[in-house]
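These are the residues of each chain, in order.
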Amino acid sequence: MTELVIARELRKVYGGGRKQRTVAVDGISFTCRAGEIYGLIGPNGAGKTTTLRMISTVLAPTGGTATVAGHDVVTDGHRVRESIGFLSGNTGLYGRLTPEEVLKYFGQLHGMDTGLIAERISELAELLDMTGYLGKRCDKLSTGMKQKVNVARTVLHDPPVLILDEPTSGLDVLAARTIVDFIRVSREQGKCVIFSTHIMGEVSRLCDRLGVIHQGTMPFEGTLDGFREQHGQDLEEAFVGILETSA
């Protein structure tokens, strides 16, 4: 399988000079292939979001390298952004617009033609169970409905790489299940999917490989089966054990 995301010794340091230096990410390396789901797991403040932001070109690395679909995140950022769908943890919607209007707007930003936009909206509305509220204003939608619209906006242009930062955070069971099922379908379509989560059940159901991030480093990186072999079948207990060992 083709490696679509390659991160090598990624590092991010904030501050310096008169400001206290904070090392948010310290030498993280991993790859993610087409048709694969890669999970980044770790406690709050571990460096997961910073890592995803560097890969998506939102933040420039202090050190190390990363490429997406063969494009360097520093020197070829425009091509990287064309190749990804990035769902951040604080993505918002235009409250006065309907989901259909939001998606049409972002489709136009991506340079998609009208017919393709309509086709993708119809397809995604079916996959994400949004058909009943495509014409309802976004400020009238529930949290789960809004997140489905955010996911649809993220993947509307059909990018080969999806980067999802805690996509099910704060959602009810049904909304979370819909998004988890969509992530699984994306893998079946050959997408390269990287996502962060705190939910071990999602890791168990979705991940082909994973990296555990703690205090900016990666004490484990490998397959889900390898994780279980090294640290035990109970994912939550194994995860806590890794954090305690690397503290």
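As a further point, take the nonpolar core. In this structure, M130, V203, L210, V212 and F227 are the most contacted members of the largest nonpolar core, which totals 47 residues. Counting residues per element, this core draws most heavily on helix α6 (residues 173–188), at six residues. Once you skip the residues sitting within four places of it in the chain, V212 turns out to touch I41, T217, M218, P219, F220, F227, F239, I242 and L243. Ranked by size, the runner-up nonpolar core spans 26 residues in total, among them V5, V25, C32 and I55.

Looking now at the pairing of strand β10 (residues 217–223). With five bridges joining them, strand β9 (residues 209–214) and β10 adopt antiparallel strand pairing. By the bridge assignment for β10, R209 is matched with T223. Linking β9 to β10, which pair antiparallel, is a turn of two residues; within it Q215 sits at a positive phi near 55°.

Strands sit in the order β2-β1-β4-β5 across an open sheet of four strands; the sheet is antiparallel. Both edges of this open sheet fall to β2 (19–33) and β5 (71–72), since each of them pairs with a single strand only. Relative to β2, strand β1 (residues 3–16) runs antiparallel, the two sharing ten bridges. Paired with I6 across the two strands is T31, which belongs to β2.

A word on helix α5 (residues 143–155). Compared with an ideal rise of 1.5 Å per residue, which puts 13 residues at 18 Å, α5 spans 19 Å between its outermost C-alpha atoms and is within 8% of the ideal. For α5, a buried count of ten out of 13 residues is recorded, marking the element as mostly surrounded by other parts of the structure. All of the buried residues in α5 are G144, Q147, K148, V149, N150, V151, A152, R153, T154 and V155. Buried residues in α5 make contact with β6 (84–87), α3 (99–109), α4 (114–127), β7 (161–165) and α6.

Calculation rules
Residues numbered from 1 in each chain as written. Predicted model: local features only at pLDDT ≥ 70, side-chain atom pairs only at ≥ 80, totals over all residues. Heavy atoms only, no water. Core = buried A, V, L, I, M, F, W, Y, C linked by side-chain atoms within 4.5 Å. Buried < 20%, exposed > 50% of the residue type's maximum accessible area, 1.4 Å probe, protein only. Helix = DSSP H or I, 4+ residues; strand = E, 2+ residues; numbered from the N terminus. Contact = heavy atoms within 4.5 Å. Pairing = 2+ DSSP bridges. Expected span 1.5 Å × (residues − 1).

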